[in-house]
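Report on the structure
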Amino acid sequence: MESPELSFTLAYVVLSLCFVFTPNEFRSAGLTVQNLFSSWLGSEDVGFIQYHVRRTSITLLVHSALPLGYYMGMCIAAPEKNLGYFHKQVSDSWRAFLLLSLCIQLTSWTLVIYWSRHHWHNHPICRALQAHIQPPHPGWGSVATSVNTEFRRIDKFATGAPGARVIVTDSWVLKVTTYHVYMALQSECHVTVTQSRQHQLSPDLTSPAQILTLRVDSINPAVKPFDIRLISTEYAELREKLHAPIRNSPNVVIHQTMSELFLDTFRAHVDLNQPYTLPSGQEMEPCIGCMQVPANIKLVRLCQAEGAPNVSECQQCFCRPMWCLSCLGRWFASRQDQQRPETWLSSRVPCPTCRATFCVLDICAVH
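What comes next concerns the included structure. The structure presented is a predicted model; accordingly, all values stated were derived computationally and were not measured.

What to know about the overall build of the protein chain
The helix and strand tally for the protein chain stands at twelve helices and twelve strands. Relative to the globule expectation of 21 Å for 367 residues, the C-alpha radius of gyration of the protein chain, 29 Å, shows a markedly less compact shape. If you line up the protein chain on its principal axes, its C-alpha atoms span 90 × 65 × 30 Å. When the accessible surface of the protein chain is split by element, carbon and sulfur atoms take 57% of a total near 19,900 Å².

Following this line, the structure appears as structure tokens:
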């Protein structure tokens, strides 16, 4: 491809991906389907179900128009290709792309028109509501009214980005995605914590966030299981609102506090430090903090050798190994500014025994 064609293609692909998988910058600028079509979509608080029926429909139409938009843009970006003369001078590959783009757009319009028949009775969200028709709800409209009413309450649990929101009301567990809204009655479902992952959400954060994956299964055979994701620090709030039973899969450890999240990063940094070899004849004593595991940490002033700034702030600790890594990590975290976790690893704290100042670089694992 020539330079203008290549430049336009790269720019269009990047902008399209950002429009579909909306980053915070696009969301702040209002470049989302919700903002661009807000006058037609209405208010989510007034009618939650009706809002998302319209939102998912217009999202499908807009996203399916992106290939056609690329072709139309290429007519301007590369006029020498004569893409506007479809019947004469267009190459077979571009003609096939245009036909494919038109087919995608027409299929989307046909699908949305089918959904809208009989007051959106065929829409996937409305069909999901039909699975919950039972007394006291005679029809899916009554179920929608129940969801709308509970969503308007201020005590609901809500978290996540607009394309992957998790909402828990008094009776419902809802997952809002780009093209669908998954739902399950709390009285009919059970939740299982299936996975946990550590994520470094931002370069400014030294402590990673733990993302939990929970699977929602319903005893109603018409309701398909679905997964929800949230940060572990929000897990306690979820449990308060969720009346359905929650089960933990084996080997899934949930860190619910910032200090527990910090411990994982703390251990990783200590493992990178120079180990300390215990002198011959000296035995490892139990940790005086927990009295459960051997004291496996020794403080040795090493930051000067690592070329760290302000080396004069660290002092040599002459204590024998008295603490385990977990207890020392909790002590380290407890001495920090709890409102500024990004500064924890770069801070210095006093030894819990002799008060000699040390940093993370001075902590050595005992071998």
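Thoughts on the environment of M291
Following the sequence through the fold, M291 ends up in the loop between helix 11 (258-271) and strand 9 (297-299). Classification of M291 by relative accessible area gives exposed; the value is 53%. For M291 and W115, which are 176 residues apart along the polypeptide, the C-alpha to C-alpha distance reads 65 Å.

Some thoughts on the environment of E44
Mapped onto the fold, E44 is located in the loop between helix 4 (38-41) and helix 5 (48-64). Separated by 16 residues in the primary sequence, E44 and S28 have C-alpha atoms spaced 19 Å apart. Look past the residues within four positions of E44 in its chain and what remains in contact with it is Y51, H52, F151 and R165.

Brief notes about the side chain of Q105
By secondary structure assignment, the location of Q105 is in helix 7 (residues 92-120). A polar atom in the side chain of Q105 sits 2.7 Å from the side chain of S64. Q105 has contacts with L61, S64 and A65, leaving out every residue within four places of it along the chain.

Details of the sheet that holds strand 8 (residues 246-248)
Taken in spatial order, the four strands of this open sheet run 7-6-5-8, and their pairing is mixed. Taken across any chain shown, the strands that pair with only one partner, and hence form the sheet edges, are strand 7 (226-231) and strand 8. Across the sheet, the mean angle from the axis of one strand to that of its neighbour is 30 degrees, orientation sign disregarded. Here strand 5 (residues 189-199) runs beside strand 6 (residues 209-218); their pairing, made up of ten bridges, is antiparallel. Considered in strand 6, the bridge of H199 is made with A209.

A word on helix 7
With 29 residues, helix 7 should cover 42 Å at 1.5 Å per step; its first-to-last C-alpha distance of 39 Å lies within 8% of that length. Inspection of helix 7 places W94, L98, S101, Q105, S108, V112 and W115 among the buried residues, and these make up the whole buried set. Buried residues in helix 7 make contact with helix 1 (3-20), helix 5, helix 6 (66-77) and helix 8 (124-130).

What counts and how
Residues numbered from 1 in each chain as written. Predicted model: local features only at pLDDT ≥ 70, side-chain atom pairs only at ≥ 80, totals over all residues. Heavy atoms only, no water. Helix = DSSP H or I, 4+ residues; strand = E, 2+ residues; numbered from the N terminus. Rg over C-alpha atoms; globule rule 2.2 N^0.38 Å. Areas by Shrake-Rupley, 256 points an atom, 1.4 Å probe, with all protein chains shown as cover. Buried < 20%, exposed > 50% of the residue type's maximum accessible area, 1.4 Å probe, protein only. Contact = heavy atoms within 4.5 Å. Polar contact = N/O pair within 3.5 Å; in protein donor to acceptor, adjacent residues only side chain to side chain. Pairing = 2+ DSSP bridges. Axes fitted to C-alpha atoms, helices over the stretch in contact; angles between N-to-C directions. Expected span 1.5 Å × (residues − 1).

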